[in-house]
Amino acid sequence: MKKPCDKYIAEDISRFIDNELPRDQYHAVAQHLIHCPVCSRLVERYRSISSVINDHADQAVLRIDPVKLKQKIVQQNSKETFSRNIFRFFTKNIYLKLASIAAIVIFSLLPFQGALFGPTGPSAIVKYVDTDFASVMIIETQKEQHTIIWFSET
Amino acid sequence: MGGFIKTILILSGISCFYFFTQPAVAKSQVLTDVKVIHASTGTRYVDQGLKGIISELESVFKYTSYRLLKDQKLNLNFNQKGRVNLPGKRALVVIPTDMKGKRIRYQINIQKNNHSIFQTRVLLKNNSSITIGGPQFKDGVLLLNISGSVQ
């Protein structure tokens, strides 16, 4: 790095501007700047560069709507929390695991429903009746849903 | 978590295996049992052979006597005609035609003097029965309890 003067290098000046020097060194540099025009110019140059960068950064920051940014962060957090809670709920809850297994077993047994439990409904479904007699009744008993067809042979 | 997913996958796999390898119903023998019952309002009597259905009959009819006149078992193929002679020059003709789901489709015909007086088509639950009543006999009526079972 090019030396601005015999006493301080450019890095020292840069650290001075950024307030990164220990207090005693900072005061020493500040005293030195009063008498050293080379270092003073360098300080001005660095400060102007720094202010340009800061202004640009400020403008970029100003373009961000803080309210919207806050909302976005809150939404993101709530989404993450929700998905995390759902995940935890599904993975940690033993009852839910058992319920899931039971649901799968039940759904897989549905095709065998007839074989296992028999079809539901009346014992017989009457599709068609034809008789010479006018009076025909179709009855289903309450208890066993037994189907009875009654025709009056008179 | 991994164990849970594994369990779910294994159960799903077993379910799919059973579902897709379930053999098509291609059974052809239909055991048909016809009980011919004489129901009347005489002295209270219930035949021992009617234990399975008597509570259902009594819940509907006001008869006090139920006598089993005939219990005929027919081992029929689909579309094979089964004939049961009934009192009073009557006959019952049953034909299991096919299956619809878990039910047996029956064509049932009651004849008197070789003339059809009643016919019906029903879908009977496998291992279940239907009762057809009405033909007059003596001081009561005939009840025909027809049960079907696919072998």
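Keep in mind the model is a prediction, meaning the values are calculated, not measured.

## Topic: the layout of surface pockets
Gaps between atoms show up when a probe of the same size as a water molecule is rolled over them.
Phase 1 of the analysis: Considering only enclosed or pocket space, the second largest pocket measures out at about 220 Å³ in volume.
Phase 2 of the analysis: Together, 15 residues line the second largest pocket, and A:His146, B:Ile53, B:Asn127, B:Ser128 and B:Ser129 are the ones closest to its centre.
Phase 3 of the analysis: Only β1 (29-40), α2 (54-58), β8 (128-137) and β9 (140-150) of chain B provide two or more residues apiece to the lining of the second largest pocket.
Phase 4 of the analysis: Per-element tally for the lining of the second largest pocket: the top contributor is β9(B), with 3 residues.
Phase 5 of the analysis: Grouping the constituent residues of the lining of the second largest pocket by class yields 2 nonpolar, 10 polar and 3 charged.

## Notes on the pairing of strand β4 (residues 82-86) of chain B
Phase 1 of the analysis: The side-chain alternation of β4(B) yields one buried face, formed by B:Gly82, B:Val84 and B:Leu86, and one unburied face, formed by B:Arg83 and B:Asn85.
Phase 2 of the analysis: Following β4(B), the chain reverses through 3 residues before pairing antiparallel with strand β5 (residues 90-100) of chain B; B:Gly88 in that reversal takes a positive phi of roughly 80°.

## A word on the pattern of salt bridges
Residue and element names in this part refer to chain B.
Phase 1 of the analysis: What the rule picks out here adds up to 5 salt bridges over all chains.
Phase 2 of the analysis: Asp98 is paired through a salt bridge with Arg105; the nearest N and O atoms lie 2.7 Å apart.
Phase 3 of the analysis: Asp98 gets classed as partly exposed once you look at its relative accessible area, which sits at 29%.
Phase 4 of the analysis: Salt bridges sharing common partners tie together Asp33, Lys35, Asp71 and Lys73.

## Considerations on the sheet that holds β8(B)
Phase 1 of the analysis: Pairing is mixed across the open sheet formed by 7 strands, whose spatial order is β2(A)-β3(A)-β8(B)-β9(B)-β1(B)-β3(B)-β2(B). In this open sheet, the two strands that pair with only one neighbour each are β2 (136-140) of chain A together with β2 (45-46) of chain B.
Phase 2 of the analysis: Sheet analysis places strand β3 (residues 147-151) of chain A next to β8(B), joined by 4 bridges and oriented parallel. If you follow A:Trp150 over to β8(B), its bridge partner there is B:Gly133.

## So, the nonpolar core
Phase 1 of the analysis: Formed by 28 residues in total, the largest nonpolar core has its most connected members in B:Leu92, B:Val94, B:Tyr106, B:Ile108, B:Ile110, B:Ile132 and B:Ile146.
Phase 2 of the analysis: If we ignore the near neighbours within four places in the chain, the residues touching B:Val94 are B:Thr32, B:Leu74, B:Leu76, B:Gln80, B:Lys81, B:Gly82, B:Tyr106, B:Gln107, B:Ile108 and B:Ile146.

## Re the interface of chain A and chain B
Phase 1 of the analysis: Taken together, the contact between chain A and chain B spans 40 residues of the former and 45 residues of the latter.
Phase 2 of the analysis: Around 3600 Å² of area is buried between chain A and chain B when both sides are counted, 65% of it from carbon and sulfur atoms.
Phase 3 of the analysis: Looking only at chain A, the three residues that lose the most surface to chain B are A:Trp150, A:Phe151 and A:Glu153, adding up to 17% of its buried area.
Phase 4 of the analysis: Joining chain A to chain B, the criterion identifies 0 salt bridges.
Phase 5 of the analysis: Linking chain A with chain B are 21 residue pairs in polar contact (both at pLDDT 80 or more).
Phase 6 of the analysis: When contributions to the side of chain A that touches chain B are tallied by element, the ones reaching two or more residues are α4 (66-92), α5 (94-109), α6 (113-117), β1 (124-131) and β3 of chain A.
Phase 7 of the analysis: Broken down by class, the residue content of the side of chain A that touches chain B amounts to 21 nonpolar, 12 polar and 7 charged.

## Here we look at the confidence of the model for chain B
Residue and element names in this part refer to chain B.
Phase 1 of the analysis: Of the residues in chain B, 85% reach a pLDDT of 70 or more, and the chain-wide mean stands at 87.
Phase 2 of the analysis: The lowest-confidence element of chain B is helix α1 (residues 2-21), averaging 65 in pLDDT; the highest-confidence one is β4, averaging 95.
Phase 3 of the analysis: Here the prediction assigns the complex a pTM of 0.57, and the interface score ipTM is 0.81.

## Brief notes about unusual backbone geometry
Residue and element names in this part refer to chain B.
Phase 1 of the analysis: Of note in this structure, Lys89 is not a glycine but carries a positive phi near 55°.
Phase 2 of the analysis: Even without being a glycine, Asn113 presents a positive backbone phi close to 55°.
Phase 3 of the analysis: Structurally, Asn113 is set in the loop between β6 (103-112) and β7 (115-125).

Procedures and definitions
Residues numbered from 1 in each chain as written. Chains lettered and ligands numbered in written order. Predicted model: local features only at pLDDT ≥ 70, side-chain atom pairs only at ≥ 80, totals over all residues. Heavy atoms only, no water. 1 Å grid on protein atoms, 1.4 Å probe; cavity = no way out; pocket = protein on both sides within 12 Å on 5 of 7 lines; lining within 4 Å. Points joined across faces, edges and corners; volume = space filled by probe spheres on them. Helix = DSSP H or I, 4+ residues; strand = E, 2+ residues; numbered from the N terminus. Nonpolar A, V, L, I, M, F, W, Y, C, P; charged D, E, K, R; others polar. Buried < 20%, exposed > 50% of the residue type's maximum accessible area, 1.4 Å probe, protein only. Pairing = 2+ DSSP bridges. Salt bridge = Lys/Arg side-chain N within 4 Å of Asp/Glu carboxyl O. Core = buried A, V, L, I, M, F, W, Y, C linked by side-chain atoms within 4.5 Å. Contact = heavy atoms within 4.5 Å. Buried area = accessible area lost by both parts, 1.4 Å probe. Polar contact = N/O pair within 3.5 Å; in protein donor to acceptor, adjacent residues only side chain to side chain. pLDDT = per-residue confidence, 0-100.

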